[in-house]
Amino acid sequence: MSTKTLLPLLCAGMIGMADAAIVVKPVPYEIDGEAFEGLVVYDDAVTTPRPGLLMVPNWMGVSENAATKAALLAGDKYVIFVADMYGKAIRPSNADEAKVAATTVRSDRPLMRKRAQAAVDVLKAQAGQLPLDTTRLGAIGFCFGGGTVLELARSGADLKGFVSFHGNLDTPDPRDAQNIKAPVLVLHGADDPAVPQEQVDGFIAEMKATKADWQLVSYGGAVHSFTNPDANVPGRNEYHPRVAARAFKAMDNLFDETFAK
């Protein structure tokens, strides 16, 4: 589904996908009196409780691209909440604006963790209106969002699993990894110039110093943003459909395992 066609569907609140009806609904909330607005995404044809995933999008934030990805991932399997990491007033329209917004949050990891945890709480609160099983919750993130999800894991968040897609791996204090309570899966492009080998090596050392259940999958031939169909900067940010499919399958496999416990 093209992101160009999504806006009117969002306005209508529903995306038709095969026999399913994927609902995309804005959810306003506040953090310390500041207005935020994320998206809850789910198939309203499914009435039995299903697992929930917090999704932290790439540095463009709550966007048509993020809503499309959430709709495709939710299917009839998950309720997904797309987190707003910047605040309702900040919606980047280009890479320069996104860089400023993302840098502001990345430079303040306590703030990043606080906003991510607040989004988890918003996801949990949807159980009052939606068939959501709050005993089976996980978090996923893309690029900036992948790094955010890893910080959420390092904060000791009580979720069933954490998955980073082509996210940054650095953290101010690697000792915080001792707080990780659930499996961590990092899906990384082996040729990603935005996440150099030094970062990868540092993450491996960080994880080895803990008792965390972790995996790092390095996909040959993949660079940054390999799950994003709109990424088209060869050698830097580039969609790789085969790797994307493998990565999404790896995500599903992890949650199938952890949600079964």
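Preceding this paragraph is the structure being described.
Residues numbered from 1 in each chain as written. Predicted model: local features only at pLDDT ≥ 70, side-chain atom pairs only at ≥ 80, totals over all residues. Heavy atoms only, no water.

**Student:** Help me understand the nonpolar core, please; the structure alone is not making it clear to me.
**Tutor:** Most often, soluble globular proteins have nonpolar side chains that are buried together. Core analysis: the largest hydrophobic core is formed by 47 residues, its most contacted members being L54, F81, M85, L152, L159, F162 and V184. With seven residues, helix α4 (residues 109-125) is the largest single contributor of residues to this core. Setting aside its immediate chain neighbours within four residues, V184 contacts L150, A153, F162, F203, D213, W214 and Q215. Judged by nonpolar contacts, the second largest core, of 34 residues, contains L39, A67, Y78 and A250. (Core = buried A, V, L, I, M, F, W, Y, C linked by side-chain atoms within 4.5 Å. Buried < 20%, exposed > 50% of the residue type's maximum accessible area, 1.4 Å probe, protein only. Helix = DSSP H or I, 4+ residues; strand = E, 2+ residues; numbered from the N terminus. Contact = heavy atoms within 4.5 Å.)

**Student:** What is the right way to look at the pattern of salt bridges in this model?
**Tutor:** When the charged atoms of two side chains with opposite charge come close together, those side chains can pair. Per the stated rule, a full pass over the model turns up 16 salt bridges. Residue D32 pairs with K114 through a salt bridge whose shortest N-O separation is 2.5 Å. Placement of the pair is D32 in the loop between β2 (20-31) and β3 (34-43) and K114 in helix α4, with a sequence separation of 82 residues. On the basis of relative accessibility, which here comes to 66%, the residue D32 falls in the exposed class. The salt bridge involving R175 is made with D173; its shortest N-O contact spans 2.9 Å. Look at D173 and you get partly exposed, because its relative accessible area is 24%. Linked by salt bridges that have partners in common, R106, R109, R113, E151, R154, D170, D176 and E206 make up one network. (Salt bridge = Lys/Arg side-chain N within 4 Å of Asp/Glu carboxyl O.)

**Student:** So what exactly am I meant to see when it comes to the packing of α4 against helix α5 (residues 144-154) here?
**Tutor:** Each pair of packed helices can be described by the angle between their axes along with the distance between the axes. One can describe the packing of α4 onto α5 by two numbers: an axis separation of 9 Å at closest approach and a directional angle of 85°. In terms of orientation, α4 lies roughly perpendicular with respect to α5. For the pair α4 and α5, the contacting residues are R109, M112, R113, A116, Q117 and V120 in the first and F144, G147, T148, E151, L152 and R154 in the second. Of the residues belonging to the contact of α4 with α5, the class tally is five nonpolar, three polar and four charged. (Axes fitted to C-alpha atoms, helices over the stretch in contact; angles between N-to-C directions. Parallel < 35°, antiparallel > 145°, perpendicular 65-115°, else oblique. Nonpolar A, V, L, I, M, F, W, Y, C, P; charged D, E, K, R; others polar.)

**Student:** Sorry, what's going on with the pairing of strand β7 (residues 162-165) here?
**Tutor:** Side-chain direction in a regular strand flips from residue to residue, so the side chains alternate between the two faces of the sheet. Residue alternation in β7 divides its side chains into two sets, F162 and S164 and V163 and F165, and both sets are buried. Note that strand β6 (residues 132-142) and β7 share four bridges and pair parallel. Paired with A139 across the two strands is F162, which belongs to β7. Viewed along the sheet, the connection from β6 through α5 into β7 turns out right-handed. (Pairing = 2+ DSSP bridges. Right-handed = clockwise from strand over helix to strand, strands pointing away.)

**Student:** Explain the pairing of strand β4 (residues 50-56) to me, please; I cannot follow it from the model alone.
**Tutor:** Within β4, seven of the seven residues are buried, which leaves it mostly tucked inside the rest of the structure. Pairing between β4 and β6: six bridges, direction parallel. Each residue of the ladder has a partner; that of G52, found in β6, is L137. Strand direction decides the pairing type here: β4 and strand β5 (residues 79-82), joined by four bridges, are parallel. In the strand pairing of β5, M55 is matched with V82. Traced from β4 through helix α2 (residues 64-74) to β5, the parallel crossover comes out right-handed.

None of this, on its own, says anything about what the molecule does.
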